Amino acid sequence: VIGLLTAAAAVVVGYVSELLGDLRTEKVNELIVSRGWLIAWAAEFVMMTVLALAAGFLVYSGDITGTKSAGSSGIPQLIGLLNGCDLKGEFSLRHGLVKWFGVCLAVASGLAVGPEGPMIFIGACIGFYCSRLPQIFSTPPATVGDDVYTRDYTSIGAACGIAAAFRAPIAGTLFIVEEASSHFKKEQMSNIFYGGLAALEVMLLAGGAGSVLEYKVQVGPGCSDIPYWTLIFCIIVGLLCGLLGAAFNALNIQVMVWRSKWCNASMPKRRAFELVLLCALSSTAWLASASMFSEREATSSVLLPQSSGCIKDDLKNQLITGSAVEPDLKNGGLAQRLMPASCLYGLQVGPACNEVHEKAATGSWYARSCIQAVNTSTMRAKKNFKDYCCSFTDSAALEKGIFQVPGNASCAIQLGKAAPSLTEEAGDSFNAVGLLSLVPFKTACQNLFDRGMPHAVTLEAMGVFLVLFFILAALTAGSAVPSGLLMPQMVIGGLLGRMLALLAMKIPTGQVEGIVWAKSYQLLFDEGLLPGDPSMVFGTTGLLDPGIGALIGAAAFLGGSGRVTLFTTIMMVEITGDPVMIFPVGFATIFAVLMGNFINHGLYHSLIDVQSTPYLPDTWTAGALPPGIQVRDMRPQNPPIMVSLQQGRKGVEQALEGNDFTGFPLVDERSDADGNKHVVVVGMCDRKDLEELLRSGREITEVSLKNSSNLHPVTVRDDFPLQSAYQLFKSMDMKNLVVVDDNHKPLAVMTRFAFLAWRVADRVPADRLQELHHREKHRRYLRSNSRLSGSSASGSATSRSLSQMESQNEARE
């Protein structure tokens, strides 16, 4: 159910965003041709602003709708919820609908955003609401609480969001395992994967409608070949993308910190104005960059030099006129041989050449020029010599001297909407930057991944667009529009990877091997008549296709920014449909993650800190906060609010009044024979259970309080190690931890805020932290020497030294 609903939402997002985005870009490109750049810019700015303001209206006007936190991607909130933070209010039906509506318009607006983050959040919202179903229709097991159901179903929904957005169910499962979930159970993996498969099936049944993010590349013989030096390329790309990803994180975090002070959720007018400003910057950048570059001819001589021959079928069909099944002399058996279009090399084979030879015999100058390229002694000896001549479209053009010969041959290629032309003769040319900035960014990413046309995008165009897109993507992320970052990061990494691969092509490491054409045409190569331009032979080997370089760069930048390796690698393989790329993609991603971790933290976990979400990592970081800190150092100093068994309704009302605490110690107040009052904790009460007791209207007795409470709370003493308390709190998925004295009287109630690393570092004196650090280093040093020592005597002496030191430290404390 979760997968089906999430996929249905994705179909709508994909269809609406693609429809509106195409209408916007087509109108702008039409105005550039008919009315000029200034009018086109004004139209782009107006359309972009209207769509962006509409997308973010329910966010920046959130004081009315209660959805002012529904902007951006929502992934940090998802990670926080799955970690145990109380963020259930962020996953309301209103938040999900606002994300759903807003992301459709935000992606269509042309801002540097993507749809995948909100799609993950929408799936999580669907899973969150479906988590109520087991509690409605059946009784949960005694060991399973509401929060467990919530996490399990929300994680299924998030994975379904990835499966629907990328058509990648395996990547969705790995996203939960590697990045999002903090309480993952291995038996939950199959449920997550089944949900992803259901979402994928809906997307497939939709027949491509609503395909949010899918970048299929050409696969087949030679399409995934990589040279021997690709490992070096992957290392370089990984390190650069890790560095660039860390810079992207730093810039975006600084922008988010600025937003939290000067443009936060309590300032709707400023948030709306920020969107207008971002639209002005984006529209100016996209059109200004396109106006800086002239049109390029959409021909084979421009696009196909050094091509591997692995081009898309719709383009290949413009260059191939037919095929024949012929004996394969090299490998044996039969093989399909292709016949190229005559314009590709400037020579053709066929009966149309017979008439040219007849006219050449009569002295026609144009006919003699046409057959001059094949008029050699060896060719004249062939029986079918008259079937060979130059390339021409028809007899009328030939008589006017319009024909092609080797050396000046070129085929016009119709690139379609993927490469818009800004001239009145649409289709004959394309703008050098327009195929990046004047198309939806999904199309721009596909243009970067395309193989077989290494020179479709020039180095200069990619360099200019990389700088502009990098800055605007970092500025736009986190604004008041529901949007994601994965697609913009794929564009940034794809640009860098394709640029480096194009630079590598300038190094003479390639070998021109070519493909074997049909026998009648292959004769021209065997006789040395072709090619006029050696780089035009399909099948150049020893070079890395820039499309493959873009794929490696996109994955590396995702890893360098988000610091996820498995998810990124599998996702890129699934969305492109090329499993051979798993090694270079994964290899580059590893180096990107290492470089990024050396500089700063991953983006989503950094955003969690900026949003002050009380996220607790899986383990205590001993390097940052050493052992030796105790519970007394971090527990609240004010006495806890308690619920007494003896005070009934009045005691419950007093405990709930004036605070928003979620848990209260249940205590038994007794007096001994001497009249001394003793308070002993006997349980833990949840706020919602106490409120339910009050709403019931019944008398609140000791029995009813005990029935509504956990009578076996986990308690610790003041001198309990904070590290152990942290592991206890985290592993048991606790909300409250009661601190008691020797008589079991509650001293404080610790929540997850007490275990945050920055709070511990801020509260414990710096000189004591330094002393604990030194003690921990010395202890590890002694134990290391003890393990490395070869003699038992030395080991005993070291052990005694260690024991003496620890005893002295305990005495000093």
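Everything below is about the structure shown above.
Just so we're clear, the structure is a prediction, and the values are computed from it rather than from any experiment.

**Examining the sheet that holds strand E15 (residues 746–750)**
Strand order in this open sheet of three strands is E13-E14-E15, and the pairing throughout is mixed. The open sheet has two free edges, formed respectively by strand E13 (715–717) and E15, since each of these has just one partner strand. The sheet shows a mean angle of 30° between the axes of neighbouring strands, direction not considered. In this sheet, strand E14 (residues 737–740) lies alongside E13 in parallel orientation, the contact comprising three bridges. Each residue of the ladder has a partner; that of Val716, found in E14, is Val739.

**Considering the environment of Leu747**
By secondary structure assignment, the location of Leu747 is in strand E15. With relative accessibility at 23%, the residue Leu747 sits in the partly exposed group. Not counting residues within four places of it along the chain, the set of residues in contact with Leu747 comprises Arg635, Pro636, Asn638, Pro639, Pro640, Asp718, Val739, Val740 and Asp741.

**Observations concerning the environment of Val679**
Summarising the element assignment, Val679 is placed in strand E11 (residues 677–686). Once the C-alpha coordinates of Val679 and Ile311 are considered, the two residues, 368 residues apart in sequence, prove to be 79 Å apart. With residues near it in sequence (within four places) discarded, Val679 still touches Met642, Val667, Asp668, Glu669, Asn743, His744, Lys745 and Pro746.

**Some words on the packing of aromatic side chains**
What the rule picks out here adds up to 23 aromatic pairs. Relative to Phe755, the ring of Phe729 lies with its centre 5.0 Å away and its plane at 40°, an arrangement referred to as tilted. One end of the pair, Phe729, is in helix H33 (residues 722–731); the other, Phe755, is in the loop between E15 and helix H34 (757–763), with 26 residues separating them in the sequence. Within the aromatic cluster, the residues linked to one another by ring pairs are Phe91, Phe121, Phe128 and Tyr129. Lying over the aromatic face of Phe121, Lys99 brings its terminal NZ or CZ to 4.9 Å of the ring centre.

**Looking at the sheet that holds strand E9 (residues 643–644)**
Ordered by their spatial adjacency, four strands build an open sheet running E9-E10-E11-E12, and the pairing between neighbours is mixed. Of all the strands in the sheet, the pair left with one neighbour each is E9 and strand E12 (709–710). Here strand E10 (residues 663–671) runs beside E11; their pairing, made up of nine bridges, is antiparallel. Each residue of the ladder has a partner; that of Val667, found in E11, is Val681. Of the strands in this sheet, E9, E10 and E11 are in contact with helix H31 (residues 687–696), which crosses E11 at around 95°.

**Overview of a nonpolar patch on the surface**
A cluster of nonpolar residues, Tyr15, Leu19 and Leu23, forms a patch on the protein surface that exposes about 310 Å² of accessible area. Secondary-structure assignment places Leu23 in helix H1 (residues 2–34).

**Regarding the side chain of Gln522**
In this structure, Gln522 sits in helix H24 (residues 519–526). With relative accessibility at 16%, the residue Gln522 sits in the buried group.

**A few points about the pairing of E11**
Side-chain positions along a regular strand alternate between the two faces of the sheet. Examined bridge by bridge, E11 and E12 share two bridges and lie antiparallel to one another. Residue Met684 lies in a different strand from E12, and its bridge partner there is Asn710.

**With respect to the pattern of salt bridges**
What the rule picks out here adds up to 21 salt bridges. For Glu44, the salt bridge is made with Arg24, and the minimal N-O distance between the two is 2.9 Å. Residue Glu44 is found in helix H2 (residues 37–60), and its partner Arg24 is found in helix H1; the two are separated by 20 residues along the sequence. In this pair, the class of Glu44 matches that of Arg24, namely buried. With its nearest N and O atoms 2.5 Å apart, the salt bridge here joins Asp733 to Arg151. With Asp733 in the loop between H33 and E14 and Arg151 in helix H8 (residues 146–166), this residue pair connects regions lying 582 residues apart in the sequence. Linked by salt bridges that have partners in common, Glu355, Lys359 and Glu399 make up one network.

Basis of the calculations
Residues numbered from 1 in each chain as written. Predicted model: local features only at pLDDT ≥ 70, side-chain atom pairs only at ≥ 80, totals over all residues. Heavy atoms only, no water. Pairing = 2+ DSSP bridges. Helix = DSSP H or I, 4+ residues; strand = E, 2+ residues; numbered from the N terminus. Axes fitted to C-alpha atoms, helices over the stretch in contact; angles between N-to-C directions. Buried < 20%, exposed > 50% of the residue type's maximum accessible area, 1.4 Å probe, protein only. Contact = heavy atoms within 4.5 Å. Phe/Tyr/Trp six-rings, centres within 6.5 Å; stacked < 30°, edge-to-face > 60°. Lys NZ or Arg CZ within 6 Å of the ring centre and 35° of its normal. Patch = residues over 30% accessible without salt bridge, like charges linked within 9 Å, V, L, I, M, F, W, Y side chains within 5 Å. Areas by Shrake-Rupley, 256 points an atom, 1.4 Å probe, with all protein chains shown as cover. Salt bridge = Lys/Arg side-chain N within 4 Å of Asp/Glu carboxyl O.

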